[in-house]
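Below, each chain spelled out in residue letters.
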Protein chains: 2
Amino acid sequence: MTIDATTTFSSPGIEKIRNRWVETDSMAGVGIDPDIDKIPPEIWGEIGLEGDTADAIFLFNKMVIDATVDHAVDFKVNSNFFQGELGRKALATTFAYLKEEYPAVLRVCDGKFADVGHTADKIAEEVFGELDADAVLLNPYLGFDAIRPFTDWKDKLSILCVNTSNPSASEVQGLPLAGGVPLWRHILELGLSDWNYNQNVVPVLSATHASNLEGIRDEIGDVPVVLAGVGSQGGDLGVSVPHCLDDSGYGLMISASRAILYPEREPGESLGDASRRAVVNLKQAINNAKGNV
Amino acid sequence: MTIDATTTFSSPGIEKIRNRWVETDSMAGVGIDPDIDKIPPEIWGEIGLEGDTADAIFLFNKMVIDATVDHAVDFKVNSNFFQGELGRKALATTFAYLKEEYPAVLRVCDGKFADVGHTADKIAEEVFGELDADAVLLNPYLGFDAIRPFTDWKDKLSILCVNTSNPSASEVQGLPLAGGVPLWRHILELGLSDWNYNQNVVPVLSATHASNLEGIRDEIGDVPVVLAGVGSQGGDLGVSVPHCLDDSGYGLMISASRAILYPEREPGESLGDASRRAVVNLKQAINNAKGNV
């Protein structure tokens, strides 16, 4: 299958993203990576002596979610941050809360999974079944066997880590193949064609080398893009956002976690207000960059 | 760094494997992937009405561990099988039991992780700190950033999924690079040189195309190999084992999970006896294949 600028993709997960872009006029997302050591004192005060770690993590997540939801396309919950028995309890209550209170927002489980056979089936059942996430992050190194157990859930999204934004990503993903293209471009094509029989694969691309994104819409049609590496990792919004826009004027999702979870607070400012200010800043910075087309 | 047949590697994790090979005269391991739906009635009977799912999973694991440990180099516990709050409880009790009762056996956490920054630190702290696993399985697609948080624990082992044995692995891992070698061979070299500053990286190689392993010792020195894909995935022990032997007459680890966890039982045979029979069969089949050198 050849993908060009005119290729269209649609599935329930993709439409949920598109609806949310319009509803919020935002392409910003919130990464939920709660670090127990950074949970502020007011949360511990509120749960009281009866509460445990799981209660504290959940209450912290809830506060950030409630404060930022009006400007968020998605909440990307990193399951690798929810360790141990109490961590998993907080993971379940966080997903349940999102589903119950804010069903229109995309719920992403960021596990970067890659496993096969009955293990992969088990993960998919947990993430899409038990937690009822809308989307999961996957690692392509094991090939289609590690993808299909997730893409078979046709109403769910599989977000494929095609090109990540960490400094050493190019060490593997940037390796030139015999045909001349770097590995990640080959994975991008595989992901959007052979692996995309349910039109529910969405790629992660990196903003750290923005020139890589030039003309990218000619190769990926109108599929939403998860853009990584903006901000502290050095990706330039002004260059990378215009490359990823689709014909509707949206087309991408950019999430921040630490800047929103642990924002700098102004004197007397509540944590919720500071988190909201951080996500609004991100939303506006992305929208301002649209003008650079 | 160039690695050839004379390159030697040593670290506490590697020595633990070598000691265990000699102690048991076995290169067999046991994969602990407990499926709640397959836990036999006698386990449920034993935990009684007071017990929960976590108790049942732990008791099942304990029974398999006790029955097979005399012939096992390692127990490879797949954390992706331990989902939810009760799953994580059982994961913790299983690792604690192994450490307490059988400290000489290698404890492997098979999560196939690939994440970076503070997420990777968090995973390493959980796997090596909290669970006190000796080794973890890692996926190389994100490059060194996703490896270093683990290899920095110099007394622990990082088992790198270089070439996996699932049918579609070659779709990505077998891609020929511009230099001519397939991707997995490049990852093998990276993993054993640049990423191996603590001599604590061990590769997973696949037995499914045994000709790939011909002469492999010339490229990897004496590092232990985790050999995947023997048995139901079609790898031929008789061909692949001789290629991976080191000068001591050992050199590799092969684990089975379902064949040992859910063995066919003879009339009147206990589950423990059937599991022991299964691991002894695997051990002997591997040792018999050594004769083919």
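Attention here is on the structure that accompanies the text. (Residues numbered from 1 in each chain as written. Chains lettered and ligands numbered in written order. Predicted model: local features only at pLDDT ≥ 70, side-chain atom pairs only at ≥ 80, totals over all residues.)

Right, let's talk about the relation of the copies chain A and chain B for a bit. Overlay of chain A on chain B (RMSD 0.0 Å): rotation 180°, translation along the axis 0.0 Å. Both chain copies can therefore be described as sitting about a two-fold axis. Take the interface residues of chain A: 100% of them recur as interface residues in chain B, which is what a same-surface contact looks like. (Least-squares fit on C-alpha atoms with pLDDT ≥ 70 in both. Contact = placed C-beta atoms within 7 Å.)

Backbone hydrogen bonds are what pair the strands of a sheet, in a parallel or an antiparallel way. Residues and elements named next belong to chain B. What the eight strands build is a closed barrel, ordered β1-β2-β3-β4-β5-β6-β7-β8; its pairing is parallel. Pairwise comparison of adjacent strand axes, ignoring direction, gives a mean angle of 30° for this sheet. Taken together, the three bridges between strand β3 (residues 106–113) and strand β4 (residues 135–138) define a ladder with parallel strand orientation. Residue Phe113 lies in a different strand from β4, and its bridge partner there is Leu138. (Pairing = 2+ DSSP bridges. Helix = DSSP H or I, 4+ residues; strand = E, 2+ residues; numbered from the N terminus. Axes fitted to C-alpha atoms, helices over the stretch in contact; angles between N-to-C directions.)

For the rest of this paragraph, the subject is the sheet that holds strand β8 (residues 252–256) of chain A. Residues and elements named next belong to chain A. An order of β1-β2-β3-β4-β5-β6-β7-β8 is seen for the eight strands of this closed barrel, with the pairing classed as parallel. Looking at each pair of strands side by side, their axes are set apart by 30° on average, direction ignored. Looking at chain direction, strand β5 (residues 157–161) and strand β6 (residues 201–206) are connected through four bridges and run parallel. Bridge pairing in β6 places Ile159 opposite Val202.

Residues and elements named next belong to chain B. The interhelical angle for the contact between helix α3 (residues 53–68) and helix α4 (residues 84–101), taken along N-to-C directions, is 30°, at an axis separation of 8 Å. The orientation of α3 with respect to α4, classified from their angle, is roughly parallel. Seen from above, α3 lies across α4 with right-handed handedness. Two secondary-structure elements touch here, α3 through Thr53, Ala54, Ile57, Phe58, Asn61, Lys62 and Ile65 and α4 through Leu86, Lys89, Ala90, Thr93, Thr94, Tyr97 and Leu98. Residues belonging to the contact of α3 with α4 are distributed by class as follows: eight nonpolar, four polar and two charged. (Parallel < 35°, antiparallel > 145°, perpendicular 65-115°, else oblique. Left-handed = near helix turned anticlockwise from the far one by under 90°. Nonpolar A, V, L, I, M, F, W, Y, C, P; charged D, E, K, R; others polar.)

Now for the interface of chain A and chain B. By a widespread convention, an interface's size corresponds to the accessible area lost as its parts come together. Between chain A and chain B, the contact holds 40 residues from the first and 40 residues from the second. Residue assignment for the side of chain A that touches chain B shows that the elements contributing at least two residues are α4 (84–101), α5 (117–130), α7 (170–173) and α8 (183–192) of chain A. Partitioned by chemical class, the residues of the side of chain A that touches chain B number 17 nonpolar, twelve polar and eleven charged.

For the rest of this paragraph, the subject is unusual backbone geometry. Residue Asp25 of chain A is not a glycine yet carries a positive backbone phi of 45°. By the element assignment, Asp25 of chain A lies in the loop between α1 (12–24) and β1 (28–32). Look at Asp25 of chain A and you get exposed, because 11 C-beta atoms sit within 10 Å. Notably, Lys112 of chain B is not glycine yet its phi reads approximately 50°, a positive angle. Inspection of the secondary structure assignment puts Lys112 of chain B in strand β3. The exposure class assigned to Lys112 of chain B is buried, which follows from the 26 C-beta atoms found within 10 Å. (Buried ≥ 20, exposed ≤ 12 C-beta atoms within 10 Å, placed from the backbone.)

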